[in-house]
Amino acid sequence: MTAGEAEDRAPRWSPDGAWLYFLSDRAERARRNCTACRWRGRVRGADHRETGDRGLRALPGGQGIALLSEDPPTAEEERRERERDDADVFGERWRYARLRLLDLATREIRTLAGEEFAARHVAALARAPDGARCAVITWPTPELDNNSQPVELALVELATGATEPVCTLPSGGSALTWDRAGRRLFYLAGAEPGNVAGWAVFAVDLAEPAPRLPTEGLSACPAGLCRGRDSDPFVTVAEGLDTAIDRLDPESGKLTRLSRHRGGLASLTASDDGQMVACIHSPPDEPAEVWAGSPEEPLERVTDVQAPLRAVSWGRQERLAWTAADGLALDGLLILQPGKGREDGPFPLITIVHGGPYGRFADSFQLSWAPSGQWLATAGYAVFLPNPRGGMGHGIRFAAAVAGAVGMEDWGDIVAGLDRLIAEGVADPDRLGIGGWSQGGFMTAWAVGQTDRFGAGVMGAGVSDWGMMVAESDLPHFEARLGGSTGWEGVGPHRHDALSPISFVGRVATPVLILHGERDERVPVSQGRFFARGLRERGAVRAGRLPARAARPARAPPPARRPAPHARLVRPLAAPGGGDGRGRKAKGGGLKAEGRFGDAGKGGFPTRPRCRSPTTDER
C-alpha cells in the first residue's frame, strides 16, 4: 500500500471500504498529517498539515473525518522561535489538542467546540454509530499524567459543534467505545486513580451518566476493547500466560468467554457483523503476525512477514508455575538453549524482568528489541522470565500489591522462582545474570543492592530514586503511588527512600551495565546517571553514552550491516564468562570493573556465595 519511506501509522477504513486514512509525516518530517490512500491505488496526499495529529475517525456517508490535532503555532510563538526567545513559563505554551472536522471535498478544517474546550485538551474520541456526534475525553492540560486522574467525558454534535457534558471519569480513560444502539459508552481505565491497580472495563449509560465497574472481581485483566459496526463489543483479557476474547453484554456489562489463545493478542479489530476478528498474535514458537478467524474458534495466521526468522534454530520455551513465600501462585517462562533440554543443565541463566510493573510475559515468542529471551538463548544462556505480583493477568488485587511496596514481595516472587530452577538443576547458581528495561531496570538495580548472587546486571532505563521520579517523570502521580511517598511530605524519613535502589548502592558488588536514552521522559536519564554516580563513589565505573538520534533513515544500510549504537557497550556481556558462549570463562573477558567489583571484572560470571534475601527491616 505504501513504500515504507515515511512514518505511516493509525490506519482507518472509510465506511465504504474504498479508502484508507492514516497519519503520515511524508509531507513534512516529524509532522504527522492526515493522508488518504485509495484501496489498491496511490496515496492521494496530505489533507491536513497542522502538527501533532493524534487520531482520526472516518464518518459515514462521506461526511468527512473527525480528528484530533494540536493547535498550530501562533504568530507570537513563531516570532519567539525565530528570535530564540525561549524563556518558558510553566503551562503558558501548552499545545492543546482540539476536535476538528476535515471536509473531504473541500479539504477545509473546522474546529468543533473551540470555545467550550478552550482550556481543555481533547485526548480521545469515539464516533457514535449514527455518525452525528462524537464522545470525547478531555483533560485539564496536555500532561500525560492526566490519563490516570479524573477527566471529563462529553458529547459533541458534529453538525453544530454543540457540546453536552456527560460525567467525570475518576481514573482516566482510553479505548472509548459505543454500543451499537448509541445508548452506552465503554472504556478502559485504571481500577483506581493512579493506574497502579491495573485496568478494568467501565460502562457509562447516557440515561444515568455515572461510570460503573461491571467487571469487578475479575481474576484476569482486560487489555483491549473494540467493536464491529453492528456487533457487541469484544474485550481481550489477559489471563495468566494466555489471552482470551470475551463478548461484552451492553445491558449487564458482563463478559462471556468466546475463546482462549496461547500467548498474547494485540490490536484486536472486528468485522462489521462481528463474525470475524483479526489481531496481532504470537504463539510460543512463532514471531508476531496477523491472525484472523471467528472469535469463537482458533485463529489462523494470514501473514508471513517474518518468514526469514523461521530458518533460525530457537530455544525451547516452557511454561513455569511456582509459589511465593506467602503462598501466592505465580507463573512465568523458561527458555533453554537451542537443542537443549533440562537434562543438559545446569545452565548459565539470565533472569529478565518485565517493565510496567503492569506488564507480563505472555506465552508468546520472546523475540523483542531489548532484552530478548530468544536472542540470549541462541547466545548460550537459559532465560528465566518471571511474572511477579504487580503485573497483569491475575486481577486487580495482584496488580495493586506493589503500590508503595516495589522491590518487596515482587522481588521475593522472583527469588522464589529462581531458587526453584536452581533446585531442579536447570540454573547454575554460580553463573547467574539479571536484566530488564524500565521497571525491569529498576528491579535489576534493586537486586544488585540486595544480593551478590548475580555475576552481572543490565539496568535498562531503570529507576534508582522514586522521589526524583515524582519530580521529573511524565507520570508523577503513578510514580508516587509506586514509591509510596513524595518529597514534599516533610523532612522524612520517606517511604520512597526505603524502596529506592540508590539507598542500597553501597552494598553493590556486582558489575552493572547501565543503558539509558538521554531523552527518556518516562524514566529520565538522571535516574541512570544517579545510580552510576553512586557506583562510582563505591568503585571504578566504565561509562558510555548513547546519543539521542532521530529514527533510522529509510535508505540507511540494514541493521545487519551496521552495528547498533549500543553494541560496543553490550558486547562484553555477549557470552557467558565473556567466553565462547558455552559457559567457559575467557581470559580478560567480561565487563571491566575495579574496586568493589573485585574478580567480577576478570571473567563475566564469577563464582559467588549464595545470599539470603534481606528482611523487611533491612530493606
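Before reading on, note that the structure itself is shown above.
Below is a short write-up of the structure.

Criteria and thresholds
- Residues numbered from 1 in each chain as written.
- Predicted model: local features only at pLDDT ≥ 70, side-chain atom pairs only at ≥ 80, totals over all residues.
- Heavy atoms only, no water.
- Helix = DSSP H or I, 4+ residues; strand = E, 2+ residues; numbered from the N terminus.
- Buried < 20%, exposed > 50% of the residue type's maximum accessible area, 1.4 Å probe, protein only.
- Contact = heavy atoms within 4.5 Å.
- Areas by Shrake-Rupley, 256 points an atom, 1.4 Å probe, with all protein chains shown as cover.
- Polar contact = N/O pair within 3.5 Å; in protein donor to acceptor, adjacent residues only side chain to side chain.
- Salt bridge = Lys/Arg side-chain N within 4 Å of Asp/Glu carboxyl O.
- Pairing = 2+ DSSP bridges.
- Axes fitted to C-alpha atoms, helices over the stretch in contact; angles between N-to-C directions.
- Phe/Tyr/Trp six-rings, centres within 6.5 Å; stacked < 30°, edge-to-face > 60°.
- Core = buried A, V, L, I, M, F, W, Y, C linked by side-chain atoms within 4.5 Å.
- Disulfide = S-S within 2.5 Å.

Some details on the overall build of the protein chain
No. 1: Looking only at helices and strands, the protein chain has 10 helices and 31 strands in total.
No. 2: The buried share among the 619 residues of the protein chain stands at 52%.
No. 3: The contacts in the protein chain between residues at least 6 apart in sequence include a share of 53% that link residues at least 24 apart.
No. 4: Approximately 28,100 Å² of the protein chain is accessible, and the part contributed by carbon and sulfur atoms is 50%.

So, the environment of His477
No. 1: With respect to the secondary-structure elements, His477 resides in helix H7 (residues 476-483).
No. 2: Classification of His477 by relative accessible area gives partly exposed; the value is 43%.
No. 3: With 283 residues separating them along the chain, His477 and Gly194 place their C-alpha atoms 6.0 Å apart.
No. 4: Dropping the residues within four chain positions of it, His477 is found in contact with Asp145 and Gln149.
No. 5: Only 2.3 Å separates the side chain of His477 from the side chain of Asp145, close enough to count as a polar contact.

Section: the pattern of salt bridges
No. 1: According to the stated counting rule, one finds 33 salt bridges in the structure shown.
No. 2: For Asp232, the salt bridge identified is with Arg180, shortest N-O distance 3.3 Å. Here Arg180 lies in the loop between strand E13 (174-178) and strand E14 (184-190) and Asp232 lies in the loop between strand E17 (221-226) and strand E18 (234-239), a separation of 52 residues in the sequence.
No. 3: In this structure Asp232 comes out as buried when scored by relative accessible area, which is 16%.
No. 4: Arg180 sits in the partly exposed class, given a relative accessible area of 46%.
No. 5: Glu286 is paired through a salt bridge with Arg301; the nearest N and O atoms lie 3.1 Å apart. You can see Glu286 sitting in the loop between strand E22 (277-282) and strand E23 (289-293) and its partner Arg301 sitting in strand E24 (residues 300-301), a full 15 residues away along the chain.
No. 6: Judged by relative accessible area, Glu286 falls into the buried class, the value being 17%.
No. 7: Judged by relative accessible area, which is 34%, Arg301 ranks as partly exposed.

A word on the sheet that holds E23
No. 1: Ordered by their spatial adjacency, four strands build an open sheet running E21-E22-E23-E24, and the pairing between neighbours is antiparallel. What marks the edges here is a single partner per strand, and that holds for strand E21 (264-270) and E24.
No. 2: Here E22 runs beside E23; their pairing, made up of five bridges, is antiparallel. Opposite His281, over in E23, you have Glu289 as the bridge partner.

Side note on the sheet that holds strand E20 (residues 255-262)
No. 1: Taken together, four strands build an open sheet; the order of strands is E17-E18-E19-E20 and the sheet is antiparallel. Two strands lie at the open edges of the sheet, namely E17 and E20, each paired on one side alone. Direction aside, neighbouring strands of the sheet carry axes that sit 25 degrees apart on average.
No. 2: Both strand E19 (residues 242-248) and E20 contribute to a ladder of seven bridges, which runs antiparallel. Looking at the pairing, Leu248 lines up with Leu255 of E20.

Description of the packing of aromatic side chains
No. 1: Per the counting criterion, the structure on display carries 11 aromatic pairs.
No. 2: A ring pair is formed by Trp314 and Trp375, whose centres lie 5.0 Å apart and whose planes are at 70 degrees; its orientation type is edge-to-face. Of this pair, Trp314 sits in the loop between E24 and strand E25 (317-323) while Trp375 sits in helix H2 (residues 373-378); the two residues are 61 residues apart in sequence, bridging distant segments of the chain.
No. 3: The class for Trp375 is partly exposed, based on a relative accessible area of 44%.
No. 4: On the numbers, 5.1 Å between centres and 75 degrees between planes, the contact of Trp369 with Trp437 is edge-to-face. Highlighted residues: Trp369 in the loop between strand E27 (347-353) and H2 and Trp437 in strand E29 (residues 427-437), separated in sequence by 68 residues.

Some details on the pairing of E18
The two faces of the sheet receive side chains in turn, since in a regular strand these alternate between them.
No. 1: Burial analysis of E18 places six of its six residues in the buried class, the great majority of the element.
No. 2: Where burial is concerned, the two faces of E18 agree: the one with Phe234, Thr236 and Ala238 and the one with Val235, Val237 and Glu239 are both buried.
No. 3: Two elements, E17 and E18, share five bridges in a ladder whose sense is antiparallel. Following the sheet pairing, Leu225 is matched in E18 by Val235.
No. 4: Between the end of E18 and the start of E19, which pair antiparallel, lie two residues, with Gly240 showing a positive phi angle near 65 degrees.

Quick word on the nonpolar core
Within soluble globular proteins, side chains that are nonpolar tend to cluster in buried spots.
No. 1: Leu349, Phe384, Trp411, Leu421 and Trp466 are the most contacted members of the largest nonpolar core, which has 41 residues in total.
No. 2: If one sorts the elements of this core by residue count, helix H4 (residues 409-423) sits on top with six residues.
No. 3: Excluding residues that lie within four positions of it along the chain, Leu421 makes contacts with Leu320, Leu334, Arg342, Leu349, Phe384, Val426 and Ala427.

With respect to the state of the cysteines
By definition, a disulfide is the covalent link that joins the sulfur atoms of two cysteine residues.
No. 1: Within the structure shown, the criterion is met by zero disulfides.
No. 2: Considering cysteine sulfurs only, Cys279 is the nearest to Cys226, which forms no disulfide, with 9.7 Å between them.
No. 3: For Cys226, a relative accessible area of 10% translates into the label buried.

Points about the side chain of Gln374
No. 1: Turning to its location among the elements, Gln374 is positioned in helix H2.
No. 2: Gln374 has contacts with Trp314, Gly315, Gln317, Ile335, Phe365, Gln366 and Leu367, leaving out every residue within four places of it along the chain.

Points about the pairing of strand E7 (residues 97-102)
No. 1: Among the six residues in E7, six count as buried, and that is most of the element.
No. 2: Residues Ala97, Leu99 and Leu101 line one face of E7 and the alternating positions Arg98, Arg100 and Leu102 line the opposite face, and both faces are buried.
No. 3: Relative to E7, strand E6 (residues 65-70) is paired through six bridges, and the arrangement is antiparallel. Each bridged residue has a counterpart across the sheet, and for Ser69 the counterpart in E7 is Arg98.
No. 4: Inspection of the sheet shows E7 paired to strand E8 (residues 109-112) by four bridges, in the antiparallel sense. Bridged to Leu101 within E8 is Arg110.
No. 5: What sits between E7 and E8 in their antiparallel hairpin is a turn of six residues, with Arg107 showing a positive phi close to 60 degrees.

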